[in-house]
Each structure stands twice: as structure tokens, then as C-alpha cells.
Amino acid sequence: QVALVESGGGLVQAGDSLRLSCAASGRTISRYHMGWFRQAPGLEREFVASIWSGDRTRYADSVKGRFTISRDNAKNTVYLQMNSLKTEDTAVYYCAADARNAPLTTRTVDYWGQGTQVTVSS
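Keep in mind that what you see is a predicted model, and the values were worked out from it rather than measured.

1. A word on the overall build of the protein chain
For the protein chain, the count of helices and strands is zero helices and 11 strands. Tracing the protein chain from N to C terminus, the helices and strands come up as β-β-β-β-β-β-β-β-β-β-β. The C-alpha atoms of the protein chain give 13 Å as radius of gyration, which agrees with the globular expectation for 122 residues (14 Å, within 12%). Reported as C-alpha extents along the three principal axes, the dimensions of the protein chain are approximately 40 × 30 × 25 Å. Burial statistics for the protein chain: of 122 residues in total, 43% are counted as buried. Look at the contacts in the protein chain between residues 6 or more apart in sequence, and 58% of them connect residues 24 or more apart. Accessible area for the protein chain stands at about 6300 Å²; split by element, carbon and sulfur atoms hold 46% of it.

In C-alpha cells, the structure reads:
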């Protein structure tokens, strides 16, 4: 089992930056495909970014060039650096871990965190 705990969310203004952290416990995540999803009120949970064990990354088109996902295997932690935040980035952000190499989807993720709220005001 892998337990994931997100932190770093908060209330910011449009144009600001935030860095989310996802601390894992239970197993080392160095071989896991890790990612971030988000869910805004009334909408389905959607993919944001992911990073494979070899550090290859993938991003949703809506965040490309603004968000950066990274991992520190020594700390068993994954990060999401979010720059140039927009009001439409407002959502609960969830950390995800998957033992497979296939692209992450909401239906296939093995482990989820509890989420951290990000609110971007205009």
C-alpha cells in the first residue's frame, strides 16, 4: 500500500505561483508512475501532469508551459510547481500513484491522496 499526502494548496491571485507537494509512505515511489489530477466543483476529475520513473513527463494542454512536475525519490515526494496561475486552475488537486507504465487515467490509478484545495482569485 502507498499512502499519499498532499500539501501546499491555498488561496492566491491570478498570476501567482504555488508549489504542491505529495509525500508518499508505505513504499518507495521510485518505480511508480506518479501524477496530479484536479477536480473543480461540478466537473469531473481531470489529468494535470505525470512523471514516469525515468523522469519522462506528460502534461495536459491547459497547463503546458506553466506547470512543472518533478520528483525527489530520496524524499519519496512528488512536486507540482504551478506558475502563472489562472482562475480556471481553481480546483482540488489530487496526487496519484500507479505501478503501471500506461498513461494515468482516473479509472486506472492505484492510489490517491486526499487532495489539497487551490483557489485562484482574479
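2. Observations regarding the pattern of salt bridges
Scanning the entire structure with this criterion turns up six salt bridges. Close ionic contact of aspartate 89 with arginine 38 constitutes a salt bridge, the shortest N to O distance being 2.9 Å. Pair noted here: aspartate 89 is in the loop between strand S8 (77–82) and strand S9 (91–98) and arginine 38 is in strand S4 (residues 33–39), with a separation of 51 residues, a long-range link. For arginine 38, a relative accessible area of 6% translates into the label buried. Salt bridges sharing common partners tie together Arg38, Glu46, Arg66 and Asp89.

3. Looking at the nonpolar core
Counting residues in each nonpolar core, the largest one holds 35 residues, and the members touching the most others are Leu4, Met34, Trp36, Leu80, Met82 and Tyr93. Elements with a minimum of two residues in this core: strand S3 (18–25), S4, strand S5 (46–51), strand S7 (67–72), S8, S9 and strand S11 (116–121). Those residues in contact with leucine 80, other than ones at most four positions away along the chain, are Leu18, Arg19, Leu20, Trp36, Val48, Ala49, Phe67, Thr68, Ile69 and Tyr93.

4. Some words on the sheet that holds S7
In space, the four strands of this open sheet follow the order S1-S3-S8-S7, with antiparallel pairing throughout. Both outer strands of the open sheet, strand S1 (3–7) and S7, are each paired with one neighbouring strand and no more. Averaged over neighbouring strand pairs, the angle between their axes works out to 15° when direction is ignored. Taken together, the five bridges between S1 and S3 define a ladder with antiparallel strand orientation. Within the sheet, the bridge partner assigned to glutamate 6 lies in S3 and is cysteine 22.

5. Regarding the packing of aromatic side chains
Inspection of every chain in the model, using the stated rule, returns four aromatic pairs. With a centroid separation of 6.4 Å and an interplanar angle of 55°, the aromatic rings of tyrosine 32 and tyrosine 111 are classed as tilted. On the criterion of sequence distance, the pair formed by tyrosine 32 in the loop between S3 and S4 and tyrosine 111 in strand S10 (residues 111–112) is long-range, its members being 79 residues apart. On the basis of relative accessible area, tyrosine 111 is assigned to the buried category, the value being 14%. Geometrically, the ring pair formed by tyrosine 94 and tryptophan 112 is edge-to-face, given 6.4 Å between the ring centres and 85° between the ring planes. One end of the pair, tyrosine 94, is in strand S9; the other, tryptophan 112, is in strand S10, and 18 residues separate them in sequence.

The rules behind each value
- Per-chain numbering applies: the sequence of each chain, read as written, is numbered from 1 onward.
- For a predicted model such as this one, the threshold for reporting local features is a pLDDT of at least 70, and the threshold for listing and counting side-chain atom pairs is 80 or more; totals across whole chains, interfaces and linings nevertheless cover every residue.
- Hydrogens are left out, water is left out, and the side-chain values use all remaining heavy atoms of the structure.
- Secondary structure elements are taken from DSSP: a helix is a run of H or I of four residues or more, a strand is a run of E of two residues or more, and numbering for both begins at the N terminus.
- Atoms counted for the radius of gyration: C-alpha only. Globule rule: 2.2 Å times residue count to the power 0.38.
- Summary of the burial criterion: residues with accessible area below 20% of their type's maximum are buried, those above 50% are exposed, and those between are partly exposed, where the area comes from a 1.4 Å probe applied to protein chains only.
- Note on contacts: a residue pair qualifies if any of its non-hydrogen atoms lie within 4.5 Å across the two residues.
- Working definition of accessibility: Shrake-Rupley area with a 1.4 Å probe, residue cover restricted to the visible protein chains.
- Think of a salt bridge as a Lys or Arg side-chain nitrogen and an Asp or Glu carboxyl oxygen that are within 4 Å of each other.
- Here, the term nonpolar core denotes a set of buried Ala, Val, Leu, Ile, Met, Phe, Trp, Tyr and Cys residues that are joined through side-chain atoms within 4.5 Å.
- Here, a strand pair is defined by DSSP locating no fewer than two bridges between the strands.
- Helix axes use the C-alpha atoms of the stretch in contact, all axes being lines fitted to C-alpha atoms, and the angles between their N-to-C directions lie in the range 0 to 180 degrees.
- Within 6.5 Å between ring centres, the rings of Phe, Tyr and Trp (the latter by its six-membered ring) count as paired, and their orientation is classed by plane angle as stacked under 30 degrees, edge-to-face over 60, tilted in between.

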